[in-house]
Amino acid sequence: MARLGSWIEPFPEGIYVKPADAWVDPSQPKPRALVTHGHADHARGGHSEVLATPETLAIMECRYGPQNGTPVAYGEVTRMGEVELSFVPAGHVLGSAQIVMEYGGERIVVSGDYKRRPDPTCAPFEPVPCDIFITEATFGLPVFRHPDTASEMDRLLLRLHENPDRCVLVGAYALGKAQRVIMELRGRGHHDPIYIHGALQRLCELYAEHGVQLGELRPATGAKKEELKGRIVLCPPGALNDRWSRRLPDPITAMASGWMRVRQRARQRNVELPLILSDHADWDELTRTIQEVAPREVWITHGREEALMHWCMTRQIKARELNLVGYEDEND
């Protein structure tokens, strides 16, 4: 009798789906790639053919130029060889998807990166019962339990209102995190113009093109110091402490990331206002998701694998590490 999941094979550069002759999130150019979402550690350029959601393809085209892409909408079922394939929301960023594959009476779900918290910029995660659940484990340690999103945004707004002669400069990853911060602030009643670094502009425009109304955004570059007092400014994490930020009016440096739970990381980046805001599932969400999808086996692609493997084994769920390479989590 064939081993469960024998029709897919993990390699360091990605997961190969043999009966479909396709790779999931490969880190090297391949003839056919199934891409879960647009972050650069999962969506790379150079593939001969790409299957992804329309939004992910738009992100890839924005970053890499034209793609030989086949859009697959959420819930649409397509066949590739003998494999039945569909994309289901992952709740990570705009267009992010879990890849659901069915073959030989087995169902395998590749989660990609995902979160379970509500996010006004993307479709929410949908649990899919399966035989094998291939999950990330970026925050796969019990110490990682993310706080309420609204409370983190309220901390940001309080600091802004207490310092009308300064600005709050928020480091946020250009795809997903920056747009989520903006929308969460809008949801807390902050409708003032928000100023953005030029590196965020194109992706903010892309989100708006896909129906995510971010409100009034203004370029921070070229704005006068007086204009930026009492304002929120967003930039990529790498710009928090570079020459670009020195022209701002005594900025309160903030960083929106799940890693801000780790005080050492906040100190290393000279972050005055750490905001714990993650686009990945925390420990409770990882374990709850596994319970919901009730797999016979859990395969862990990247992150903190050992603790999640131990949790599975104590519940009689077979688990294994895949040891894929090339996935980053520093910018969460």
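Each value, and the rule that gives it
Residues numbered from 1 in each chain as written. Predicted model: local features only at pLDDT ≥ 70, side-chain atom pairs only at ≥ 80, totals over all residues. Heavy atoms only, no water. Axes fitted to C-alpha atoms, helices over the stretch in contact; angles between N-to-C directions. Helix = DSSP H or I, 4+ residues; strand = E, 2+ residues; numbered from the N terminus. Parallel < 35°, antiparallel > 145°, perpendicular 65-115°, else oblique. Left-handed = near helix turned anticlockwise from the far one by under 90°. Contact = heavy atoms within 4.5 Å. Nonpolar A, V, L, I, M, F, W, Y, C, P; charged D, E, K, R; others polar. Salt bridge = Lys/Arg side-chain N within 4 Å of Asp/Glu carboxyl O. Buried < 20%, exposed > 50% of the residue type's maximum accessible area, 1.4 Å probe, protein only. Pairing = 2+ DSSP bridges. Right-handed = clockwise from strand over helix to strand, strands pointing away.

**Q** In this structure, what is going on with the packing of helix H1 (residues 54–64) against helix H4 (residues 198–209)? I would like to understand it.
**A** For any two helices packed against each other, one specifies the crossing angle of their axes together with the interaxial distance. The geometry of H1 relative to H4 is characterised by a closest axis approach of 11 Å and an angle of 155 degrees between their N-to-C directions. Put simply, H1 runs roughly antiparallel to H4. The two elements H1 and H4 meet at a crossing, and its hand is right-handed. Seen from H1, the contacting residues are Ala58, Ile59, Cys62 and Arg63; seen from H4, they are Arg202, Leu203 and Leu206. Looking at side-chain class alone, the contact of H1 with H4 contains five nonpolar, no polar and two charged residues.

**Q** What should I look at first to understand the pattern of salt bridges in this one?
**A** As enumerated under the stated definition, the model contains 26 salt bridges in all. Across the pair Arg145 and Asp284 runs a salt bridge whose closest N-O atoms are separated by 2.9 Å. Of this pair, Arg145 sits in the loop between strand E11 (132–137) and helix H2 (149–162) while Asp284 is found in helix H7 (residues 283–293), placing the two residues 139 residues apart along the sequence. Residue Arg145 is classed as partly exposed on the basis of its relative accessible area of 38%. Given a relative accessible area of 35%, Asp284 falls into the partly exposed group. One salt bridge connects Glu227 with Arg218, and the closest N-O pair in it is separated by 3.7 Å. Taking relative accessible area as the criterion, Glu227 reaches 34% and is therefore assigned partly exposed. By relative accessible area, which is 28% here, Arg218 ends up partly exposed. Through salt bridges with shared partners, a single network forms among Lys115, Asp119, Arg180, Glu184 and Asp279.

**Q** Just to check I follow, could you spell out the pairing of strand E19 (residues 318–321) for this structure?
**A** Consecutive side chains of a regular strand alternate in pointing toward one face of the sheet and then the other. With four bridges connecting them, strand E18 (residues 297–303) and E19 associate as parallel partners. The residue of E19 that forms the bridge with Ile300 is Glu321. You can see the chain leave E18, run along helix H8 (residues 305–313) and come back into E19, and the turn it takes is right-handed.

**Q** Whenever I open this one, the packing of H2 against helix H3 (residues 177–187) confuses me. Can you help?
**A** Where H2 contacts H3, the axes come no closer than 10 Å and their chain directions differ by 85 degrees. Taken together, the axes of H2 and H3 are roughly perpendicular relative to one another. Counted together, Thr149, Met153, Leu156 and Leu157 of H2 and Arg180, Val181, Glu184 and Leu185 of H3 form the full contact between these two elements. Here the contact of H2 with H3 is composed, by residue class, of five nonpolar, one polar and two charged.

**Q** It is not clear to me how the sheet that holds strand E10 (residues 106–110) should be interpreted in this structure. Could you clarify?
**A** In sheet architecture, strand pairing relies on hydrogen bonds along the backbone and comes in two forms, parallel and antiparallel. Ordered by their spatial adjacency, seven strands build an open sheet running E7-E8-E9-E10-E11-E18-E19, and the pairing between neighbours is mixed. Of all strands in the sheet, those with a lone pairing partner are strand E7 (77–80) and E19, marking the two edges. Going across the sheet, the axis of each strand differs from the next one's by a mean of 25 degrees, ignoring polarity. Relative to the sheet, H7 contacts E11 and E18, its axis offset from that of E11 by approximately 175 degrees.

**Q** So what exactly am I meant to see when it comes to the sheet that holds strand E15 (residues 232–235) here?
**A** Read across the sheet, six strands follow the order E14-E13-E15-E12-E16-E17 without closing on themselves; strand pairing throughout is parallel. Across the chains shown, the open sheet's two edge strands, defined by having one partner strand only, are strand E14 (217–219) and strand E17 (273–275). Between one strand axis and the next, the sheet turns by 30 degrees as a mean value, whatever way the strands run. Both strand E16 (residues 252–256) and E17 contribute to a ladder of three bridges, which runs parallel. Counterpart to Ala256 in the pairing with E17 is Leu275. Contacts from H3 reach strand E13 (194–196), E14, E15 and E16 within the one sheet, and its direction differs from that of E15 by about 160 degrees. This element, H4, spans E13, E14 and E15 of the sheet and lies at about 110 degrees to E13.

No statement about biological role is implied by the geometric values presented.
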